Structures are given as C-alpha cells and as structure tokens.
Amino acid sequence: MFTKVTDDSGQLTAIRTSATARQILDNPLLNKGTAFTAEEREALGLHGYLPQEVETMQSQVRRVYRQFKEKTDPIDQNIFLYGLHDFNTTLFYRFCAEHVDEVLPIVYTPTVGDAVEKYSTEFRRPSGVYLSYEHRDRMDDILGRYSDKGKDLIIVTDGEAVLGIGDWGIGGMDISIGKLMVYIICAGIDPARVLPIQLDVGTNNQQLLDDPMYLGAPHKRISGEDYDAFIDQFVTSVEKHFPNVYLHWEDFGRDHARSILERYREQLCTFNDDMQSTGIVATANVISTVEATKTQYADHRVVMFGAGTAGCGIMDQILDAFVDSGMSREDALSRFYIIDRYGLVVDDMDGIPDFQQPYARKRSELAQWDVSDPSNISLEEVVANAKATILIGCSTVRGAFTRKVIETMAKNTEYPAIMPLSNPTSLSEAEPKDIIALTEGKAIIAAGSPFAPVSYRGHTYEISQGNNAFIFPGLGLGAISVKAKRVSDGMIRAASKTLSSFSPLRKGTGNPVLPPIHNANQVSEQVAIAVARQAIAEGLSAINATDDQVEQLVAANRWLPNYVPLTR
Ligand code: NAD
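These notes cover the structure that comes with them. (Residues numbered from 1 in each chain as written. Predicted model: local features only at pLDDT ≥ 70, side-chain atom pairs only at ≥ 80, totals over all residues. Heavy atoms only, no water.)

**Here's the deal with the overall build of the protein chain**
Moving on, step 1. Regarding its fold elements, the protein chain presents 23 helices and 17 strands.
Moving on, step 2. The C-alpha radius of gyration of the protein chain comes to 24 Å, within 12% of the 24 Å expected for a compact globule of 568 residues.
Moving on, step 3. Along the longest, intermediate and shortest principal axes, the C-alpha atoms of the protein chain span 85 × 55 × 50 Å.
Moving on, step 4. Within the span of the protein chain, comprising 568 residues, buried residues form 56% of the whole.
Moving on, step 5. Considering only contacts in the protein chain between residues 6 or more positions apart, those separated by 24 or more positions represent 69%.
Moving on, step 6. Surface summary for the protein chain: the accessible area is close to 23,900 Å², and the carbon and sulfur share equals 48%.
Moving on, step 7. Side chains of the protein chain carry 54 positive and 74 negative charges; the gap between the two charge centres is 4 Å. (Helix = DSSP H or I, 4+ residues; strand = E, 2+ residues; numbered from the N terminus. Rg over C-alpha atoms; globule rule 2.2 N^0.38 Å. Buried < 20%, exposed > 50% of the residue type's maximum accessible area, 1.4 Å probe, protein only. Contact = heavy atoms within 4.5 Å. Areas by Shrake-Rupley, 256 points an atom, 1.4 Å probe, with all protein chains shown as cover. Lys, Arg positive; Asp, Glu negative; His and termini not counted. Charge placed at Lys NZ, Arg CZ, Asp CG, Glu CD.)

Set out below in structure tokens:
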C-alpha cells in the first residue's frame, strides 16, 4: 500500500500510496493534517476532509504550542501530546525538537510517572504490543506480525519497578512509549522502526488489584521458574523475528533487571537503562569532576547511598572508569563504599546480594572508625570516616543528605561531587539549593529530577539533571547504525567519555557538570559515533566502516521530523 521513492543517493524523496484518503489521514506516520499541499489533496482525494487553508508545518507547530500552553496541569499536557503523537507523529516530533526543554519533562520523567499511575483510568486507545503470561502460547504469533516491518529497537518492560514509584503493572507501557519518544527526539531513531512491548505478568500492587478499572492481568506477579521461562520464551521469539534488533529492558524489578541483563548480554545486542544509562551519566560526571578539579582518581572516595539496581549499576561503571585510569581493581575498590537499609554494607552481614558483594567492606578495615553502632554504620559516619569526595543517592529516601552529611563533604574536599539521583523530585536525597548553600557554592551537583537554577551570593547556578536522555538514545543509534551484536563495556565507556567531553564544568568550576538538555541532540550524535566506532574496533559490528564512514552511517540512520511528499 506504501512504497518509498528514493533518489540516486538513497534519500527518501516521496511515498507512493494506493491507500484511501481516510486510511492516509488515520495513519499517524503519514498524516500531515492541514499541511497536505494542494497537489496532494488533489491527487489523494483529500478534499472535504480538511479545512481549505494549507498550512506550513511551522504554523502547525505554533498552534500546537498554544494548545499545549493552555493546559496548565502536566498530566493534561502529557495526554494532549500523546494524542498528537497518535494523530500526526511527524508534527509531534517536530514540536518536540523545537521545545525539548519543555517537552522532555512532560513525555518522560517526571510527568510520565503520573501517566503510568493513571494508565487504566486515563486509557484512550491501545498502543504498543501487550504480551500477557496467560497468552504466552500466542507470543510468537503476535511478535511475528511485526517481523516484516523492519524493527531496529524494542523497549520492553514488565512494569515492576517504574522510576522510583514501584510496581504499576500494565501502566509500565507508558514508560516504554515515553522512552521511545526520547530515543526519537534526541537521536532521531525512525518512529516506524520501534516497538514498545509490555510483558503483563500480573502485579503485586494491591491498589491495582483492587481497582475494577485496572486493565492488566488481575493477579499477583508470576515469579521464579515460570517468570524465567516466560522471559526466555520472549527473548527466543525476539531473536527469531528481529535478528538485528537492539533490545532495551526498562524498569524491571531489582533482581530481575540484573539477572536478565547478565543472562542475555552476551547473547544479543541488549541494554538495561536503569542499570547502565544512569551509570554512564554518573561516570561522565565523575570523569568531569576529576578532570575539572585537576585531581587524580586516587584522590577520591565514592559513597553510594541506596545500593539497589541503579546504585550498584552506577558503582560498577564508576569502578570501571577508575580501573580505566590505570588503577588496579583492588585499589579502586578500596575507595568505594555502599550503604543500604542496614547501613554500610560490611562483609560479615547476612544475605548480601551478589551485586553488592564486591563493595562490601572488610570489618577489619573499619577498626579505627568512629561509629556509634558497628552493626549499622550511618551515612554521616561513612562520609566522615571514609573522607568521601563523591556522594551519590539512589535510595528514594527524601532528605537523606542532611546538613551534617553535606557539611562534612565540604570539609573532606574543596569541590565535593554530590548527586541526589532519586526520582521523582519529592524523593530527592537533597535540594540543590541546600547543597549549594552548605558548600558555599563549591559542590558539583547532578540531580535525578529537574530543579530550577539557584541564586547564591550573586551567582546563578544551573542544576544539572543526571538525565539518561543524554545517553541511551545515542548509544542505541550508534549500535543500530553498525548493527552491533552486543553492547560491550568498551562501548559504554566510550559513551561516558563522550558525554564528559561536553561538560561545561571543564570550562571552570561553578559551571554545571552536564550540558543543557536542549543539547541532547548534539550529544546523542557524538555518543552514537563514538559507540559505533568502538563496536567496530571490538569486532562487534555487522558493518565494517572507516571513522569517516561511521559519521555518514550515523547521519543516514537519523530520522528527521519532516513531511515527505505523498503521491499516487
Ligand atoms: P531499587 O529499589 O533497586 O534501589 C533502591 C535501594 O535503596 C534499595 O537497595 C533499598 O534497599 C535502598 N534503600 C531504601 N531505603 C533506604 C534507606 N533508608 N537507607 C539506605 N538505603 C535504602 O531502585 P532503583 O531502580 O535502584 O532506583 C532508585 C532510585 O534511583 C529511584 O528513585 C530511581 O528513580 C532513581 N534513578 C534515577 C535515575 C536518574 O537519575 N537518571 C536512573 C535510575 C534510577
């Protein structure tokens, strides 16, 4: 029904279609609304379906902006934009490209968290693919429907650990959709070549189970071997129908996230955003801190408060950067401390999960520490005794970085790096304005949520948001551009270093550690190039290319939100 027309260089110049006028208008990837030209209206039989005036995309964008601003509640803005996305995808992405700062917090975190919670009550129309445990025998048929459509990217979630808000069952679909939007906004992944998938394995959220409007499978989560077999069946089917796909795991629960990534990362090109993206951004911040403050890695001690999926994923990558700087792994580990519910993780504690074990401190090392209860060593005590220089929060404990903790960080080092990464804003470990005041403007800050700039002693401090959007879109674009077979540690390191090279902090302390989010496009492109080159260097790509060719490949894989002429 649709044929792409390309020129000699392979550029798309038009789409030829035999579809009816109604089918064209109902296809969000083809619909242009009032921007269909007079010739298109004539050729495609669109007269009568549209008001007479032919608009430019620019005037459409102006109207969308006006309608967007008329809605004052972020969730209403989110619903409005998702509606536009399902009606005219190209216009939606052009609007997003021109208003990145305003749009990202609406289609993605923090507002997407509200959208997830209200998924069943605000439901308008289905989008994406729903694979439920009950219908597992049909999974292969369902995925097979999309196999000839050429998919580059799949985002899959089971909705167990959404942002910092927990188990929202089928509502997780909105996270997959929001994340895909960020891929497309920041890196130009082709919206026709992506697939959001919800694995519905039930929910342990009693509020949802008690809600008669809940749209997911109304039972407790499938677990253990049944769960593992379901995931295995899913991966097998994905590999069968989409052999070159980049598979992104999103918001799985702590134990599943880690075990799934470990199980499949040597098998296909796969990535876990919670465990890997945040770590790449945080590592970029650490690299920028070390370089901008003209210190050595050996001068730093890193403390993680909240050693769950994100926390330990971040520590693994910062550790990798320390080792990459030339330090031995043991030496690097001796500078790392993790704190969870029962205080500092120490090797004589019971039931330390596998992923925390490398960071468990030996009890004997703490003999000289000044602590009130050795079986539960607090954050304040760790920061003071270890003389921490870098402090990161992934605990969802609001206000955990107390005045004492922050003041001690400022005593330990001239430029402490403090990153309260927990989302949403209400769960942040500290408010940037307090960190700035308590460190007299010296702290290097990255927060998990967006915060307004802070004025302090005549200087305005922009607050960097440790936004994964700097990383996962470019990493995905790079891997897709060279059809990478895996996502290696080397590709991840390349992404961190590239992001760090954009840090305004390098131009002087007092500047933000991350670039403004409206630079995400530029950052993504460079991240993609660095990742693609690294994949080729490691022999992990299906395409071989010189450094220059990689730039062209990445550019050729970028979709731009422009209307393409439609003809009969
Ligand atoms: P998680 O549940 O896996 O980890 C949270 C950890 O905090 C758990 O290990 C828990 O035991 C620990 N914890 C809870 N209360 C504590 C306390 N009082 N003291 C010490 N530790 C405590 O969740 P996660 O996926 O790792 O996410 C954690 C937070 O990080 C969330 O708010 C999430 O939104 C945020 N996060 C932010 C980004 C980002 O900024 N880009 C990315 C990923 C996750």
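**What about the site of the ligand?**
Moving on, step 1. Not every one of the 22 residues close to the ligand is listed here, only the nearest: Arg-254, Thr-278, Ala-310, Asp-340 and Asn-423.
Moving on, step 2. Take Thr-309: an N or O atom from its main chain is 2.9 Å from an oxygen atom of the ligand.
Moving on, step 3. One of the backbone N or O atoms of Gly-466 is found 3.1 Å from a nitrogen atom in the ligand.
Moving on, step 4. Protein burial of the ligand: of its 850 Å² of free accessible surface, 83% is covered by the chains. (Near = heavy atom within 4 Å. Polar contact = N/O pair within 3.5 Å; in protein donor to acceptor, adjacent residues only side chain to side chain.)

**Examining the environment of Leu-163**
Moving on, step 1. Within the element layout of this structure, Leu-163 appears in the loop between strand S4 (153-157) and helix H10 (173-187).
Moving on, step 2. Separated by 393 residues in the primary sequence, Leu-163 and Ala-556 place their C-alpha atoms 33 Å from one another.

**Description of the pairing of strand S11 (residues 390-393)**
Moving on, step 1. Every second residue of S11 is oriented toward a common face, with Ile-390 and Ile-392 on one face and Leu-391 and Gly-393 on the other, all of them buried.
Moving on, step 2. Summarising the sheet, strand S8 (residues 302-305) and S11 pair through four bridges and their orientation is parallel. Across the sheet, the residue bridging to Phe-305 is Gly-393, located in S11.
Moving on, step 3. Relative to strand S12 (residues 417-420), S11 runs parallel, the two being bridged by four bridges. Considered in S12, the bridge of Ile-390 is made with Ala-417.
Moving on, step 4. A crossover connection joins S11 to the parallel S12 through helix H18 (residues 403-412); in handedness this β-α-β unit is right-handed. (Pairing = 2+ DSSP bridges. Right-handed = clockwise from strand over helix to strand, strands pointing away.)

**Re the packing of aromatic side chains**
Geometry of an aromatic ring pair is reported as the spacing of the ring centres plus the angle between the planes.
Moving on, step 1. For the structure on display, the rule yields 18 aromatic pairs.
Moving on, step 2. Taken together, a centroid distance of 6.3 Å and an interplanar angle of 25 degrees make the contact between Tyr-246 and Phe-271 stacked. Taken together, the residues span a long stretch of sequence, with Tyr-246 in strand S6 (residues 246-250) and Phe-271 in strand S7 (residues 270-272) at a distance of 25 residues.
Moving on, step 3. The buried category is assigned to Tyr-246, whose relative accessible area is 1%.
Moving on, step 4. Relative accessible area serves as the criterion here: at 0%, Phe-271 is assigned to the buried category.
Moving on, step 5. An aromatic cluster is built from Phe-234, Trp-249, Phe-252 and Tyr-264, whose rings are joined through pairwise contacts.
Moving on, step 6. The ring centre of Tyr-133 lies 4.0 Å from the NZ or CZ of Arg-136, which sits over that ring.
Moving on, step 7. Lying over the aromatic face of Tyr-337, Arg-361 brings its terminal NZ or CZ to 4.1 Å of the ring centre. (Phe/Tyr/Trp six-rings, centres within 6.5 Å; stacked < 30°, edge-to-face > 60°. Lys NZ or Arg CZ within 6 Å of the ring centre and 35° of its normal.)

**Some details on the environment of Ser-288**
Moving on, step 1. Relative to the helices and strands, Ser-288 is located in helix H14 (residues 273-292).
Moving on, step 2. Classification of Ser-288 by relative accessible area gives buried; the value is 1%.
Moving on, step 3. Taking C-alpha positions, Ser-288 is 9.7 Å from Ile-444, a pair spaced 156 residues apart along the chain.
Moving on, step 4. Apart from residues no more than four positions distant in its own chain, Ser-288 is found in contact with Ser-500, Ser-503, Leu-505, Arg-506 and Val-513.

**With respect to the nonpolar core**
Moving on, step 1. Leu-81, Val-107, Ile-185, Ile-189, Tyr-246, Phe-322 and Ile-392 are the most contacted members of the largest nonpolar core, which totals 116 residues.
Moving on, step 2. Element by element, the count of residues in this core is highest for H10, at 11 residues. (Core = buried A, V, L, I, M, F, W, Y, C linked by side-chain atoms within 4.5 Å.)

**Concerning the pattern of salt bridges**
Moving on, step 1. Tallied over the entire structure, the rule returns 29 salt bridges.
Moving on, step 2. For the salt bridge of Arg-63 with Glu-55, the shortest nitrogen-to-oxygen distance reads 2.7 Å.
Moving on, step 3. In this structure, Glu-102 and Lys-69 form a salt bridge, with 2.8 Å as the shortest nitrogen-oxygen distance. In this pair, Glu-102 is assigned in helix H6 (residues 100-107) and Lys-69 in helix H3 (residues 57-70), connecting sequence segments 33 residues apart.
Moving on, step 4. You can call Lys-69 partly exposed: its relative accessible area is 44%.
Moving on, step 5. Salt bridges here are not isolated pairs; linked through shared partners, they connect Asp-320, Asp-324, Arg-493 and Lys-497. (Salt bridge = Lys/Arg side-chain N within 4 Å of Asp/Glu carboxyl O.)

**With respect to helix H22 (residues 520-537)**
Moving on, step 1. An ideal rise of 1.5 Å per residue puts 26 Å on 18 residues; H22 measures up with 25 Å between its terminal C-alpha atoms.
Moving on, step 2. Taken together, the buried positions of H22 are occupied by Ala-520, Val-523, Ser-524, Val-527, Ala-528, Ile-529, Ala-530, Val-531, Ala-532, Ala-535 and Ile-536.
Moving on, step 3. On its buried face, H22 sits against H10, helix H20 (472-481), helix H21 (489-501) and helix H23 (547-556).
Moving on, step 4. Looking one or two places after H22, you find Gly-539, whose phi comes out positive at around 70 degrees. (Expected span 1.5 Å × (residues − 1).)

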